[in-house]
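Below, each chain spelled out in residue letters.
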Amino acid sequence: MLPSSAAASPIRDLRQFYTDSAEIHGLMLQLLGDVSGKSVLEPCAGRGALVSRLDGSPSRLDAVEIDGRNIEILKLYSPPWLNVIHADFLEECPTLGRSYDAVICNPPYGLRPTPEYRLALRHRYPDLYVTESYGLFLCLGIRSLVPGGRYVYIVPDTFLTSHNLRPIRRFLLTEGAPTHIVRFSATRFQTVDFNYGRLCVIAGNRHSLANEDAVAWIDEAPSERSLNSICFDASSRVSGTYLSERTEAGWVQPSKIAAINFSCPSTTLGEIAECRTGLYTGDNLRFCGYNRDRPPARRLNGQPIDWPAEVHLNRLDVKEREHGLTGNKRFVPLIRGGCRHPFAETRWAVDWSGEALEAYRQKGKARLQNRRFYFRRGLAVPMVSTGRLSASLMSDAVFDQGVVGVFPHNEAWLEFLLIYLNGAFVSNTVKPVLSPGANNSANYIKRIPVPWVGPAGLEEARQIVEQAVIDGWESTAQMREAFLRRAHANEPALFAFEEAELPEGSGKV
Ligand SMILES: C[S@@+](CC[C@H](N)C(=O)[O-])C[C@H]1O[C@@H](n2cnc3c(N)ncnc32)[C@H](O)[C@@H]1O
């Protein structure tokens, strides 16, 4: 019995994000082309926004939809070629066969199936990545095509660069060669506000991508030009080789890569620093505490504690770090996720008693990960930041899994990295290329390009930070940006170092 609504489905929320945008429909239908006489599939037909606008009359169009209310609306269209199928496409797909000439789809994004259903999907499609729904709908739609068949989808752009979504890129490379990628701001979708900042219309054919293939790749994200006035000329094309070589690292437009390639010597953050995520206690309400007299602005799970009486603020010795604190002061300072001022003092602490450590080791959900980096001097970069990337100093503290701890191999880099990671270039130019979503996982952070300044540059950065400690971080804003501009401009004084000091592979990202 199929659900008449989301409430009855094994999928908790059907993610029914409809768009009325004529330019999006227009672009998708243009890329699909004339479907006269063809067999077409719409795996998530909704209320028929796409099937009702096709160019030409197909021989047959299978419109699959899970929601009974939409089925009633779809049945109001009455062309003889329309075959409305009330089904869960994720279940029905194998029975539909691989017989379609074309598939067009606006699938659900970020679907949340019940855990049992997700497990069933894993069993049914062991070779596909089932965790992101739009990717599964995309891959299954492509697999429903005859060899060479045409597909057009509108999906979030996260598959282009996300580390976790590499399986989608690999699939496209081997089974669904893209011919067109058009990226644009999600505001063009008009009707909804969801967690994806950018969307993408992707079109292609069911076969593997050949090195000599040309893929038209247009980025309209920063522009307001109508999607229907796009010109897919030679300047927008990248080769199959270009995409296949970047399948693991992420698909980034050549012009964007050029913008983050420095004229000065450069390296990546992962080359010069350890980038690690931290502790998850498994039960933050029980194990985390906040200063009850000066509560943090952002409320997260935790208990109010008497800071002077319960938090151990002195440096821990080796035994205490390994086996935990004894005595009344059982908490140590904790850095949690979220944007922090570069010099902020934390108002959070975590239970570091022997019993608590035992619980972190034993507890199913808890993760006592990367503990050799706890208490070290480094930078805290919040894992999630919708706006700019930020970094703050931390030392003698534990950091949680909402933070990527950045620990330079050479501590002399700390101040330079504090300035650089808080600078406009990283947020405005690097972040959108490496991590277009809100998530700054350790994998993205490691790939941030860094100018490979010499000792003189590091010393100047140290002096600026020293001044910022005295005068305040904000008051040094101009000085910091001017310093970074000089570094980007490859000012010789900042790069005075011996050739032998350059890391292997420096100079390119
Ligand atoms: C984003 S809407 C798009 C609908 C339509 N293609 C359009 O452009 O207006 C996604 C549709 O997929 C349907 N849907 C969600 N999960 C589904 C599933 N497992 N099988 C078939 N349809 C599904 C939802 O009910 C919704 O109507």
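Residues numbered from 1 in each chain as written. Predicted model: local features only at pLDDT ≥ 70, side-chain atom pairs only at ≥ 80, totals over all residues. Heavy atoms only, no water.

### Notes on the overall build of the chain
- Secondary structure assignment for the chain yields 19 helices and 20 strands.
- Counting only C-alpha atoms, the chain reaches 80 × 55 × 35 Å along its principal axes.
- Looking at the chain as a whole, 54% of its 509 residues qualify as buried.
- For the chain, the share of sequence-separated contacts (at least 6 apart) that also reach a separation of at least 24 residues comes to 69%.
- Here the chain displays about 22300 Å² of accessible surface, and carbon together with sulfur accounts for 49% of that area.
- Across the chain, the mean location of the 57 positive side-chain charges is 3 Å away from that of the 56 negative side-chain charges. (Helix = DSSP H or I, 4+ residues; strand = E, 2+ residues; numbered from the N terminus. Buried < 20%, exposed > 50% of the residue type's maximum accessible area, 1.4 Å probe, protein only. Contact = heavy atoms within 4.5 Å. Areas by Shrake-Rupley, 256 points an atom, 1.4 Å probe, with all protein chains shown as cover. Lys, Arg positive; Asp, Glu negative; His and termini not counted. Charge placed at Lys NZ, Arg CZ, Asp CG, Glu CD.)

### Some thoughts on the domain arrangement of the chain
- Its domain assignment divides the chain into domain 1 (9-249) and domain 2 (269-501).
- Contact with domain 1, which involves 6 residues of that partner, is made by 7 residues of domain 2.
- Contact between domain 1 and domain 2 buries roughly 530 Å² in total, counting both sides, with carbon and sulfur atoms accounting for 43%.
- At the surface where domain 1 touches domain 2, the tally comes to 0 salt bridges. (Domains from an automatic or database assignment. Buried area = accessible area lost by both parts, 1.4 Å probe. Salt bridge = Lys/Arg side-chain N within 4 Å of Asp/Glu carboxyl O.)

### Overview of the sheet that holds strand β7 (residues 198-205)
- Strand order in the open sheet formed by 9 strands is β3-β2-β1-β4-β5-β7-β6-β8-β9, and the pairing between neighbours is mixed. Of all the strands in the sheet, just β3 (82-86) and β9 (237-239) have a single pairing partner and so form its edges. Here the average twist between neighbouring strands, direction ignored, is 15°.
- In the sheet, strand β6 (residues 177-185) pairs with strand β8 (residues 214-219) via 4 bridges, with the strands oriented parallel. Paired with His180 across the two strands is Ala216, which belongs to β8. (Pairing = 2+ DSSP bridges. Axes fitted to C-alpha atoms, helices over the stretch in contact; angles between N-to-C directions.)

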